[in-house]
Amino acid sequence: MKYSNIPNTTIKVSKICLGTMTFGEQNSEQDGHQQLNYAVEQGINFIDTAEAYSVPGRKETQGSTERIIGTWLKNQQREKLVVATKIAGPHDYFNYIRENMEFKKSIILEAINNSLKRLQTDYVDIYQLHWPERNTNYFGKRNYKHHPNEAWEDNFKEVIETFDELIKEGKIRHYGVSNETSWGLMRQLTESTYNNLTRCKTIQNPYSLLNRLFEVNLAEVAMREKVGLLAYSPLAFGTLTGKYLNGQLPEKSRIKLFPQYSRYSNNQAQFLTQKYQDLANELNISLTQLSLAFVNQREFLTANIIGATTIEQLKENIGSIHVELSSEIIEKIDKIQDLQPNPAP
């Protein structure tokens, strides 16, 4: 395994982070524990989850992923593991989590305490805002449209002050953001600087061969301000395994089970996926490992969040850490991207 430091901290994390959102839906508790055990055996020390998981979100399974991790975590050496979770933001679809989902102090305290209880731990290492409170682009949304009468009021300072208190109490070590824009990340950082508060350490955004929007301007912010990318969906909902090419729709695959996850299923994404499959064939490696190795080697990356529903998938995903792509291969990848630079936001 390879490791990196979460920027501006002493926390060393594996470059491969185990994503767990299938635990409680596609994976049972036994499956989840098996994945966790195998991942740790391979040198992974970083686990990512969220209060909204499992996925797809449902009232009946909300919090199930944290609970499955918790029944495993209570028997581990906690100090050797890095655990990240997230608080859900306002969204009509997730109103079953709690009546008020604004990022108010009382709500953040309620959410972290519930997560700690489910995880059976006294603290989390990284506590993340799962998505912004305000109207902006995330979850595949294109073309920001400003709403001048939006009800949201700028509350960055109050949110960071709450995180600052939680750090002093020992319930969280650091905080991060997710599905955030350059404007939102810079507002987080400037509020922290001006008010002498804890700084955002990580940003968990989509990043893959089919979604390189992070490079447009967030990469510069991340490098200059030392905020580490936790890349999610590096296989684009499984599209970058090649299993959906030529109209295939395997049984038990995510898109077969949950067709609403169509973010990476358009013709442009399929076109590029075939080009990357051709390159992987040329290199005599799997498309999965080409896709993950590309993400693993980004200079702004802190950790690549992989997920799997089978141990066989997990082995292949973790094994990508041993695949090295030369500068010549990266150049070929960039030329393929030029054919369709923004297929799936």
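The shown structure was predicted, so the numbers you read here are calculated from the model rather than taken from an experiment. (Residues numbered from 1 in each chain as written. Predicted model: local features only at pLDDT ≥ 70, side-chain atom pairs only at ≥ 80, totals over all residues. Heavy atoms only, no water.)

Packed helices, taken two at a time, are described by the angle their axes make and the gap between the axes. It is the contact of helix α1 (residues 29–41) with helix α2 (residues 64–73), at a shortest axis distance of 9 Å, that shows an interaxial angle of 55 degrees. Comparing the axis directions of α1 and α2 gives the class oblique. Read as a crossing pair, α1 and α2 show a hand that is right-handed. Facing Glu-29, Gly-32, His-33, Leu-36, Asn-37 and Val-40 of α1, the residues of α2 in contact are Ile-68, Ile-69, Thr-71 and Trp-72. Across the contact of α1 with α2, the residue classes break down as five nonpolar, four polar and one charged. (Axes fitted to C-alpha atoms, helices over the stretch in contact; angles between N-to-C directions. Helix = DSSP H or I, 4+ residues; strand = E, 2+ residues; numbered from the N terminus. Parallel < 35°, antiparallel > 145°, perpendicular 65-115°, else oblique. Left-handed = near helix turned anticlockwise from the far one by under 90°. Contact = heavy atoms within 4.5 Å. Nonpolar A, V, L, I, M, F, W, Y, C, P; charged D, E, K, R; others polar.)

This brings us to the pattern of salt bridges. This model, assessed by the stated rule, comprises 22 salt bridges. Among the ionic pairs, Glu-161 bridges to Lys-157, the shortest N-O distance being 2.6 Å. Taken together, the residues span about one helical turn, with Glu-161 and Lys-157 both in helix α4 (residues 156–169) at a distance of four residues. With a relative accessible area of 29%, Glu-161 lands in the partly exposed category. (Salt bridge = Lys/Arg side-chain N within 4 Å of Asp/Glu carboxyl O. Buried < 20%, exposed > 50% of the residue type's maximum accessible area, 1.4 Å probe, protein only.)

This brings us to the sheet that holds strand β8 (residues 200–206). What links the strands of a sheet is backbone hydrogen bonding, and the strands pair in either a parallel or an antiparallel sense. Taken in spatial order, the eight strands line up as β3-β4-β5-β6-β7-β8-β9-β10 and close into a barrel, and their pairing is parallel. Each strand of the sheet is rotated relative to its neighbour by a mean of 30 degrees, with strand direction disregarded. With three bridges joining them, strand β4 (residues 46–48) and strand β5 (residues 82–87) adopt parallel strand pairing. Note that in β5 the partner of Ile-47 across the bridge is Val-83. (Pairing = 2+ DSSP bridges.)

Okay, the pairing of β5 next. Among the six residues of β5, six are classified as buried, and the element is accordingly described as predominantly covered. The alternating pattern of β5 places Val-82, Ala-84 and Lys-86 on one face and Val-83, Thr-85 and Ile-87 on the opposite face, and all of these are buried. The parallel pair β4 and β5, bridged by α2, forms a crossover whose chirality is right-handed. Here β5 pairs with strand β6 (residues 124–129) via four bridges, running parallel. The residue of β6 that forms the bridge with Ala-84 is Ile-126. Between the parallel pair β5 and β6, the chain is carried across by helix α3 (residues 105–119), and the sense of this crossover is right-handed. (Right-handed = clockwise from strand over helix to strand, strands pointing away.)

This paragraph deals with the nonpolar core. Tyr-276 and Ile-333 are the most contacted members of the largest nonpolar core, which has 83 residues in total. The element that contributes the greatest number of residues to this core is helix α9 (residues 287–296), accounting for six residues. In this structure Ile-333 touches Leu-209, Arg-212, Tyr-276, Leu-279, Leu-290, Phe-294 and Leu-325, once residues within four positions along its chain are discounted. Core analysis: the next-biggest nonpolar cluster, separate from the first, contains 12 residues, Cys-17, Phe-46, Ala-84 and Ile-305 among them. (Core = buried A, V, L, I, M, F, W, Y, C linked by side-chain atoms within 4.5 Å.)

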